[in-house]
Every structure is written in C-alpha cells, then in structure tokens.
Amino acid sequence: MCGICGFAGSGDLEDLKAMMAALVHRGPDASGHWIDPGRSLFLGHQRLAIIDIEGGAQPMSDTDGQIVVVFGGEIYNHLELRRQLQVRGHRFLTDHSDTEVLVHGFAEWGEELPGYLNGMFAFAVYDRRRQMLFLARDRFGEKPLYYAHGPHGFLFASELSALRCHPAARTEVDRAALKKLFAYGFLPAPTTLYRNLRKLPAGSSLTYDVAKGSLVERTYWRFAIEPEEPRNSEAELAEELRELLSESVRRRLMSDVPLGIFLSGGIDSSTMLAMAARHRKPAEIDTFCIGFREPSYDESGYAQLMADAIGSRHHCEVLGLDDARSLLPRILGQLDEPIADPSILPMWLLSRFARRSVTVALSGDGGDELFAGYDPFAALAPAAWYRRLVRGPLHRGLRRLAELLPHSPSNMSLDFKVRRALRGVSYPPECWNPSWLGPLEPAEIADLFQERVAAEEVYAEAIAAWRDAVSEDPVDRTLEFYTRFYLQDDILTKTDRASMMHSLEVRAPFLDNEVVEFVRRLPSRYKMRGGRRKYLLKEALRPLLPPSIIDRSKKGFGIPLADWMRALPPQDTRTGIPFIDENARSRCWDAHAAGDADHRQFLWCCHVLQHHFRRGTAPGH
C-alpha cells in the first residue's frame, strides 16, 4: 500500500523526514528516501509490504538512476505489463515487483503510463534527464494524493497531515470549501479545506517542471455513462458480468501476505466471497464482519448465513455501540481530512478486527454506485412526478407539515426520508442528489454563514456533472454523480482512512477497468427496473447466492447518530469552527436536543470539524 511524499524547492532532509513520519501508519514495514541535491528534489516513502517483499523497496530507480519512483497502491495487471515491456527490451531486476513496472513503464510510455494501468495507485516519477516530476492517481481515487504549488516550489503527499508538516505548506481555511463540506458532507476534488492545498482528482495526472517551476494538470480518464443497446440476451449479459467479476477478484487475490474479505451479508460483499471461492478453497478464505448488540444495527446474522453458504472461515466481533462510541475522539483525531460520514466508526472497527489476522482485505465498494443501489435512485421517478404536479405555496406547506412529523432516531427512518425528499424537490433536478445527501441545504448554509449562498455556488460540481452527462436519463445522470463524487470523495476516502489507520490494504474489485467498461455501456434498465435496484447484478449472482441475500433490502453501515448527537456533553457544543455563526449552530443544537428537529448530519459534521481543528490546525480568516 504505502505512503508517499516529496518536494522540489525549499526544504531539507529534516522536512522530508517529518512528512514521512506523518505517514508511518500507511507504511510501517520500511522507509526510504531519495535526494537530487542539485535540484533540491526530495522523495520519501513509507512501505506496507504486500507484493515482492524482498525486492520491492522504494524509492526505486532504473539502472542508471535517471527515473525514480515512489508509489502507493497495487497494479493488478503488472505481470501482463511486465511481459509487454520485456518484449520491448526492458530488463527487470526484481522478481515480481509492480513498482518496477512503473519505472520501466514510464521509460516506455512516459505521461501516457496511467492509461495502461489497472489498479489503485498514487505515484510520483522523477525524470532526471527532463527535470520533470510526474504524479498520477487511479481512475476512481482509491488512493489519495495532495499537493501544493507556489513560490516555495512544489509539495506532494498521500495525506494532508504530511503535506502540512512542510514549513512551506500554508493552512489558511477556505471559506468556500467549508460551505461545500456542509453542502455535500465531503469535499469534492480538487477542493480541500485549505486555500492553498489541493487534492489531485481521480483519473488525473500532473507534470511539474522542476527547472521552470511550472505545473500542468490533465485528466487522463473520467467516468462517463455512454449506454449502448447490447447485442446479447439478458442471460448472456449476466454471464459476462459474472466472468468479469470473477476475473477482477482473481486479480485482487494477488498477495504475498495474508488476505481476507469484508463480509456484511449484503449483495456486494457477498459477491466478493462467491467469486473468491471460484479461485480458492472456501475453507481457506477468511471473512470478517462486525456485529452490534443492538438488533436494529446488526447485520452479522446475514454475514454468517453467507459464510455458511460458501463455507468460508468466518470471524465476527460483536460490540456494543455505546462502547464503540468511546473510540470516536481517537478516530476523529486521526482523520486526515474532514468527512461527515459517520460510518467511519464501523469501518474503523472492522479494519481493526481484520488487521489482527490479515494485511489485505477485499471490499464491495463501488457496487452501489455502479449499479444504482441507493435509495435516491428509487426516488427519481416520484420526484419528477411531484415536481410537475406540486408547486409553490403547496410545496412549502407540505414541507412545513413534514417538519411536524415525529422525529425518529432510527437510521433512514420514514420521517427522515420524507423530509429529505421534499427538501430535494425544492430545487431543479440537477441539485436533487446533493440536496438529498448533504447535511445542509443552501438556505441553511446561508443562515450558518450569515451571507447569501446560492445553490449554483455550493453545488457547482454536481450541476456541471448533470448537465455534461452524455445520457439524458436521470438514472444515468444520478449514477454519474454518485460515481464521480460520492464514491471518490466519501466512500473510498472513508475506507482508505479507516483501513490505513490500522495499516490494512483494502481492494475494491467492482472498480476493475474491465468491469467498469462493461457497466458504463449498459442502458439504465439493467441497473434499475420496475423499482428494483441493481437488477442485472442480482440476476447475475442469483445462481450463486442465497435468495435471502439477493432479495434483502439494502442496509448501510449505521450508527445511532441522532441519539449520540443529543448525548454529547455541554462543554462539547462550542465548535471553534471558523466563519460560522455559533448562534445559528446553537439553535440547531437546541432543537435537536429537545427532539423538535433532526439535525443529526449537520451536528455530526460540526463534531468532525471540531476534532479536526483541535489537532492544532490554525484556522485562517
């Protein structure tokens, strides 16, 4: 897996070591650095040894030291690429290091290299002859990469915390970014919480000219749904999908260290287990789940059912949610970038549990985003119908009535869904997805910041994605939102941070290049049909999974957030978050504590930010 960092320009070895120290949890097995003193170019690496443990040390260079690489992630087609490069005359020194494929691949293909890769990655290549630093991030942003560029030169790192260890990194809080965090619940790339620090978007690369100090960023790949009418029958499509998923899982079983599977009992993680059982003896496959003593939040029974059906070696840890809550200060204190997704807690717990036995785990991340698994997909048609028939005063009256409904603390309760649905349809269709998803709507953000806030401002990325979509189908447009934004900057970020806090590598077979290429060409009726979500995926897996797994309702990784927010002690209610009106926040707190309103998402977002700023960040105004 590994953590990477480096800089060109001002700074010295001590600055590099400070950056590397901030990344030890990403790579506790070894560390290394490389310096070009003539160009003040520094590269650092923290290694989590997964592939070619003996020969994969980094930074890694070619034989004459002209191309140097630091890399975090896994290249799943590295053996195929190695054979291609050997045919072209490249001589490899390692036995099966995927890092060395990047060294020779850059020598052969230069800045086109990312397009050849099937994997999750963030890497930096220094070309000494051209005095050029080249960075790239994988197609969906499974691995993070941040950078800063200014008079000081250029900095990069796997995490903001490492970037901020360099004295040239400025940490002035960006007011506009803070609004977006409250609007989405996450920060869409390239935005970070800090004005001068950026997040390289998924599917992007960056070239920095060390001599000139100039920088060019480009997109080498972007997820786009371009549906085509299939020539094959539905049964043939289902078989093709099964084979693609099977091959993807086979690639991701590649490991020189113990490997397991996250198993929730939902269709996505169950698919991973069913496919892994095609390539390994079921009794040799370790599966992991977290159970909770509170029945409404516990899915461990479904995970056990699936493990029994396949015959895996299943491990389950049962916890009390109130006991788990005591871990929140520790988890949020380690969270590198604020993200308002409370499922970071169960993901952290699951990663801690799995890491006691394995170093690598497969997850079902990406299945919901590719195959329309979320509740809003079912809401699209009713929302369009409602917007045509209900307007103006009547809609506003219905919103007021909805606020009078009893506020249930349950996860995704009916009253919560009704209020969210009505909130969304207050805006044009291109704003539905972020307004359904985020902690606050624009009018509430305006009250919090005491200034005018337009939907076009805080939802700019979602609006652009909706309008630029090739397909005009609202299901396809919604899929693009979830895949390009929510998946990259929430789901995968959450998984990466929670797992890497325990030095655990997590792989997502749904995001394989070939699987994605197949899915993005499918018409939406194969994803959403007659109100049934994940239609083709379920039909493809029906021969392999128990009906109770295939046909069960989706249930996310939940915690009793509404009640937890009410239980916070009074001294924790002052946030210290810059720019916001504490009186507006206090009104929300009081209404939520009294049970008169449900502000769980907003108050959780404030709680996350409060911990972030307590870490010693200097908020700028």
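Just above sits the structure.
Rules of the game
Residues numbered from 1 in each chain as written. Predicted model: local features only at pLDDT ≥ 70, side-chain atom pairs only at ≥ 80, totals over all residues. Heavy atoms only, no water. Helix = DSSP H or I, 4+ residues; strand = E, 2+ residues; numbered from the N terminus. Buried < 20%, exposed > 50% of the residue type's maximum accessible area, 1.4 Å probe, protein only. Pairing = 2+ DSSP bridges. Right-handed = clockwise from strand over helix to strand, strands pointing away. Axes fitted to C-alpha atoms, helices over the stretch in contact; angles between N-to-C directions. Contact = heavy atoms within 4.5 Å.

(A) Molecular detail of unusual backbone geometry. Omega for the bond connecting Q58 with P59 falls within 30 degrees of zero, at -5°, which places this linkage in the cis form. As for its position among the elements, P59 is in the loop between β3 (41–47) and β4 (60–61). The amide bond that connects A189 to the next residue, P190, takes the cis arrangement and shows omega of 10°. Despite not being glycine, S40 has its phi angle at roughly 50°, a positive value. In this structure, S40 sits in the loop between β2 (30–36) and β3. In this structure S40 comes out as partly exposed when scored by relative accessible area, which is 30%.

(B) Representation of the pairing of strand β13 (residues 259–262) in the model. Of the strand pairs in this sheet, β13 and strand β16 (residues 360–362) are connected by three bridges, and their pairing is parallel. Among the inter-strand pairings, L259 is bridged to a residue of β16, identified as V360. Pairing between β13 and strand β14 (residues 286–292): three bridges, direction parallel. Across the sheet, G260 pairs through a bridge with D286, a residue of β14. Since β13 and β14 lie parallel, the crossover through helix α7 (residues 267–276) that links them has a hand, and here it is right-handed.

(C) View of the pairing of strand β1 (residues 3–9). Of all the seven residues making up β1, six are buried; the element is thus mostly covered by neighbouring parts of the structure. Relative to β3, β1 runs antiparallel, the two being bridged by six bridges. Residue C5 lies in a different strand from β3, and its bridge partner there is G44. As paired strands, β1 and strand β9 (residues 153–157) are joined by five bridges and run antiparallel to one another. Residue G9 lies in a different strand from β9, and its bridge partner there is G153.

(D) Spotlight on the sheet that holds strand β15 (residues 313–319). With parallel pairing, the five strands of this open sheet are ordered in space as β15-β14-β13-β16-β17. Since the sheet does not close on itself, it has two edges, and those belong to β15 and β17 (505–507), each with one partner. Geometrically, the sheet is characterised by an average inter-axis angle of 30° between neighbouring strands, direction not taken into account. Strand contacts of α7: β13 and β14, with the helix running at about 145° to β13, the strand carrying the most contacts.

(E) Examining the sheet that holds β3 more closely. Strand order across the open sheet formed by six strands is β2-β3-β1-β9-β8-β10, with antiparallel pairing between neighbours. In this open sheet, the two edge strands, each paired with only one partner strand, are β2 and β10 (198–199). The pairing of strand β8 (residues 146–150) with β10 spans two bridges and is antiparallel. In the sheet register, Y146 faces β10, and the bridge partner there is K199. Across the face of the sheet, helix α1 (residues 13–21) comes into contact with β1, β2, β3 and β9 while running at roughly 155° to β1.

So yeah, pure geometry; function would need other evidence.
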